[in-house]
Amino acid sequence: MPVTDTERITMRVPLNMGHLIGNTLRQYAMRGSHTWQIAAYNVGPRAGSYGFANELSFSCLDLLKGVLICNDKPEPGKEKKCVFQLKGNEYVCGDMKIVNLGNLGITSMNVCLVCASGTRTAEQNFEVAKRLCPAEQSDFVAVPSRHTRAIKFRYEVTPYDLTTEILDIEATAGVVNFARSAAIQSLQELSMQVQPA
(Lines give C-alpha, C1' and ligand atoms only; values in the text may rest on other atoms or scores of the structure.)
Protein backbone atom coordinates (compact mmCIF):
# COMPACT_ATOMS: atom_id res chain seq x y z
CA MET A 1 0.00 0.00 0.00
CA PRO A 2 1.69 3.19 -1.12
CA VAL A 3 2.29 6.26 1.00
CA THR A 4 -0.31 8.87 0.05
CA ASP A 5 -0.50 12.56 0.94
CA THR A 6 1.74 13.98 3.64
CA GLU A 7 1.13 16.83 6.06
CA ARG A 8 3.43 19.09 8.02
CA ILE A 9 2.63 19.88 11.66
CA THR A 10 4.63 22.33 13.78
CA MET A 11 4.37 22.44 17.59
CA ARG A 12 6.05 24.54 20.25
CA VAL A 13 6.95 22.21 23.12
CA PRO A 14 8.86 22.52 26.43
CA LEU A 15 12.65 22.57 26.20
CA ASN A 16 14.24 19.08 25.95
CA MET A 17 10.86 17.45 25.22
CA GLY A 18 10.83 17.69 21.40
CA HIS A 19 12.71 14.44 20.76
CA LEU A 20 10.72 12.57 23.41
CA ILE A 21 7.37 13.75 22.02
CA GLY A 22 8.43 13.24 18.39
CA ASN A 23 9.70 9.70 19.02
CA THR A 24 6.59 8.79 21.06
CA LEU A 25 4.29 10.02 18.29
CA ARG A 26 6.35 8.14 15.70
CA GLN A 27 6.03 4.87 17.67
CA TYR A 28 2.25 5.20 17.86
CA ALA A 29 1.99 6.23 14.21
CA MET A 30 4.06 3.26 13.00
CA ARG A 31 1.91 0.86 15.01
CA GLY A 32 -0.91 1.95 12.73
CA SER A 33 -4.64 1.77 12.98
CA HIS A 34 -6.84 -1.32 12.85
CA THR A 35 -8.40 -2.45 9.58
CA TRP A 36 -10.39 -5.45 8.37
CA GLN A 37 -8.40 -7.79 6.14
CA ILE A 38 -8.75 -11.28 4.69
CA ALA A 39 -7.49 -14.05 6.97
CA ALA A 40 -8.59 -17.15 5.02
CA TYR A 41 -10.64 -18.30 2.02
CA ASN A 42 -12.84 -21.34 1.51
CA VAL A 43 -13.55 -21.78 -2.19
CA GLY A 44 -14.22 -25.52 -2.00
CA PRO A 45 -12.47 -28.70 -0.91
CA ARG A 46 -8.68 -28.60 -1.06
CA ALA A 47 -6.53 -31.21 -2.78
CA GLY A 48 -2.98 -30.92 -1.52
CA SER A 49 -1.07 -27.77 -0.64
CA TYR A 50 -1.53 -25.80 -3.84
CA GLY A 51 -4.65 -27.04 -5.58
CA PHE A 52 -8.33 -27.72 -5.11
CA ALA A 53 -10.71 -30.57 -5.79
CA ASN A 54 -13.64 -30.23 -8.23
CA GLU A 55 -11.38 -29.28 -11.15
CA LEU A 56 -10.90 -25.65 -10.12
CA SER A 57 -8.39 -24.08 -12.50
CA PHE A 58 -6.33 -22.03 -10.05
CA SER A 59 -3.97 -22.68 -7.16
CA CYS A 60 -3.93 -21.53 -3.55
CA LEU A 61 -1.22 -19.05 -4.53
CA ASP A 62 -3.71 -17.17 -6.73
CA LEU A 63 -5.65 -16.21 -3.59
CA LEU A 64 -2.71 -14.06 -2.43
CA LYS A 65 -3.76 -11.47 -5.03
CA GLY A 66 -7.07 -10.72 -3.29
CA VAL A 67 -7.48 -7.24 -1.83
CA LEU A 68 -10.33 -6.36 0.54
CA ILE A 69 -11.94 -2.96 0.15
CA CYS A 70 -14.00 -2.23 3.23
CA ASN A 71 -15.42 0.87 4.87
CA ASP A 72 -16.73 -0.93 7.97
CA LYS A 73 -15.81 0.65 11.28
CA PRO A 74 -12.73 -1.15 12.63
CA GLU A 75 -13.37 -3.37 15.66
CA PRO A 76 -9.94 -4.31 17.06
CA GLY A 77 -9.61 -8.02 17.75
CA LYS A 78 -12.90 -8.94 16.05
CA GLU A 79 -13.20 -11.80 13.58
CA LYS A 80 -16.06 -12.71 11.25
CA LYS A 81 -17.01 -15.07 8.46
CA CYS A 82 -18.69 -13.62 5.35
CA VAL A 83 -20.00 -15.05 2.10
CA PHE A 84 -18.79 -13.08 -0.95
CA GLN A 85 -20.71 -13.41 -4.24
CA LEU A 86 -19.19 -12.77 -7.67
CA LYS A 87 -20.67 -9.61 -9.22
CA GLY A 88 -19.00 -8.61 -12.44
CA ASN A 89 -15.29 -8.86 -11.75
CA GLU A 90 -15.47 -8.44 -7.96
CA TYR A 91 -16.61 -10.50 -4.99
CA VAL A 92 -19.15 -8.56 -2.93
CA CYS A 93 -20.64 -8.92 0.55
CA GLY A 94 -22.71 -5.92 1.66
CA ASP A 95 -20.51 -2.83 1.31
CA MET A 96 -17.31 -4.91 1.24
CA LYS A 97 -15.63 -6.19 -1.90
CA ILE A 98 -12.63 -8.29 -2.85
CA VAL A 99 -10.82 -7.27 -6.03
CA ASN A 100 -8.17 -8.96 -8.22
CA LEU A 101 -9.83 -12.41 -8.02
CA GLY A 102 -12.50 -12.07 -10.72
CA ASN A 103 -10.62 -14.54 -12.94
CA LEU A 104 -11.19 -17.42 -10.47
CA GLY A 105 -14.54 -18.14 -12.05
CA ILE A 106 -16.34 -19.34 -8.91
CA THR A 107 -19.71 -17.85 -7.98
CA SER A 108 -19.18 -17.47 -4.22
CA MET A 109 -16.68 -18.08 -1.44
CA ASN A 110 -16.62 -18.10 2.34
CA VAL A 111 -14.05 -15.68 3.72
CA CYS A 112 -12.79 -15.22 7.27
CA LEU A 113 -11.91 -11.62 8.12
CA VAL A 114 -9.85 -10.30 11.02
CA CYS A 115 -9.55 -6.76 12.34
CA ALA A 116 -6.00 -6.03 13.49
CA SER A 117 -3.07 -3.67 13.07
CA GLY A 118 0.38 -4.31 11.69
CA THR A 119 0.94 -7.57 9.83
CA ARG A 120 -0.12 -11.17 10.45
CA THR A 121 1.26 -14.44 9.11
CA ALA A 122 -0.77 -17.08 7.30
CA GLU A 123 -0.35 -19.30 10.38
CA GLN A 124 -1.83 -16.64 12.65
CA ASN A 125 -4.70 -16.15 10.23
CA PHE A 126 -5.38 -19.89 10.00
CA GLU A 127 -6.18 -19.77 13.71
CA VAL A 128 -9.02 -17.38 12.82
CA ALA A 129 -10.50 -19.96 10.42
CA LYS A 130 -10.13 -22.68 13.08
CA ARG A 131 -12.04 -20.55 15.61
CA LEU A 132 -14.78 -19.42 13.22
CA CYS A 133 -15.26 -22.64 11.24
CA PRO A 134 -13.79 -25.61 13.11
CA ALA A 135 -15.69 -28.21 11.07
CA GLU A 136 -14.50 -26.77 7.74
CA GLN A 137 -11.00 -25.66 8.74
CA SER A 138 -9.21 -28.11 6.42
CA ASP A 139 -10.84 -26.45 3.39
CA PHE A 140 -9.65 -22.95 4.28
CA VAL A 141 -6.58 -21.39 2.71
CA ALA A 142 -5.01 -18.88 5.08
CA VAL A 143 -3.15 -15.89 3.68
CA PRO A 144 -0.84 -13.36 5.33
CA SER A 145 -2.39 -9.95 5.91
CA ARG A 146 -1.09 -6.42 6.14
CA HIS A 147 -3.38 -4.14 8.11
CA THR A 148 -1.36 -0.95 8.24
CA ARG A 149 -0.61 1.14 5.20
CA ALA A 150 2.93 2.34 4.58
CA ILE A 151 3.57 5.34 6.79
CA LYS A 152 6.04 8.19 6.42
CA PHE A 153 7.04 9.94 9.66
CA ARG A 154 9.98 12.33 10.05
CA TYR A 155 10.57 15.01 12.65
CA GLU A 156 13.09 17.73 13.50
CA VAL A 157 13.61 19.66 16.71
CA THR A 158 15.03 23.19 16.73
CA PRO A 159 15.57 25.61 19.65
CA TYR A 160 13.07 28.47 20.01
CA ASP A 161 13.86 30.28 23.25
CA LEU A 162 15.20 29.50 26.72
CA THR A 163 12.16 27.41 27.72
CA THR A 164 10.72 25.98 24.48
CA GLU A 165 11.68 24.35 21.21
CA ILE A 166 9.96 23.70 17.89
CA LEU A 167 8.91 20.17 16.92
CA ASP A 168 8.36 20.01 13.16
CA ILE A 169 6.74 16.79 11.88
CA GLU A 170 6.25 15.67 8.29
CA ALA A 171 4.08 12.55 8.10
CA THR A 172 1.45 10.67 6.14
CA ALA A 173 -1.77 12.67 6.35
CA GLY A 174 -3.86 11.80 9.40
CA VAL A 175 -1.33 9.71 11.32
CA VAL A 176 -0.19 12.47 13.67
CA ASN A 177 -3.73 13.07 14.97
CA PHE A 178 -4.23 9.31 15.32
CA ALA A 179 -0.89 8.94 17.15
CA ARG A 180 -1.62 11.86 19.47
CA SER A 181 -5.06 10.46 20.41
CA ALA A 182 -3.68 6.94 20.93
CA ALA A 183 -0.80 8.20 23.09
CA ILE A 184 -3.08 10.34 25.27
CA GLN A 185 -5.55 7.47 25.73
CA SER A 186 -2.78 4.99 26.61
CA LEU A 187 -1.19 7.32 29.14
CA GLN A 188 -4.58 8.07 30.73
CA GLU A 189 -5.26 4.33 31.07
CA LEU A 190 -1.81 3.91 32.60
CA SER A 191 -2.52 6.58 35.20
CA MET A 192 -5.85 4.93 36.09
CA GLN A 193 -4.29 1.47 36.50
CA VAL A 194 -1.36 2.50 38.67
CA GLN A 195 -2.41 2.24 42.32
CA PRO A 196 -0.29 3.48 45.22
CA ALA A 197 1.35 0.71 47.26
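These numbers were taken from a predicted model, which means no experiment stands behind them. (Residues numbered from 1 in each chain as written. Predicted model: local features only at pLDDT ≥ 70, side-chain atom pairs only at ≥ 80, totals over all residues. Heavy atoms only, no water.)

> How should the side chain of N42 be read in this particular structure?
Its location among the elements puts N42 in strand β2 (residues 35-42). In this structure the side chain of N42 is engaged in a polar contact, spanning 3.4 Å, whose partner is the side chain of E136. Among residues more than four places away in sequence, those in contact with N42 are M109, N110, E136, D139 and F140. (Helix = DSSP H or I, 4+ residues; strand = E, 2+ residues; numbered from the N terminus. Polar contact = N/O pair within 3.5 Å; in protein donor to acceptor, adjacent residues only side chain to side chain. Contact = heavy atoms within 4.5 Å.)

> Quick question: what am I supposed to make of the pattern of salt bridges here?
Opposite charge on two side chains permits pairing when their charged atoms draw close. Taken as a whole and assessed by the stated rule, the structure comprises nine salt bridges. Measuring nitrogen to oxygen at the nearest pair gives 2.5 Å for the salt bridge that ties E79 to R131. Here the residue E79 occupies a position in strand β6 (residues 79-87), and R131 occupies one in helix α2 (residues 122-132), the gap between them amounting to 52 residues. Here E156 makes a salt bridge to R154, at a shortest N to O gap of 3.0 Å. Looking at E156, the relative accessible area reads 41%, which means it is partly exposed. Since its relative accessible area comes to 34%, R154 is described here as partly exposed. Connected through salt bridges with shared partners, the residues K152, R154, E156 and E170 form a single ionic network. (Salt bridge = Lys/Arg side-chain N within 4 Å of Asp/Glu carboxyl O. Buried < 20%, exposed > 50% of the residue type's maximum accessible area, 1.4 Å probe, protein only.)

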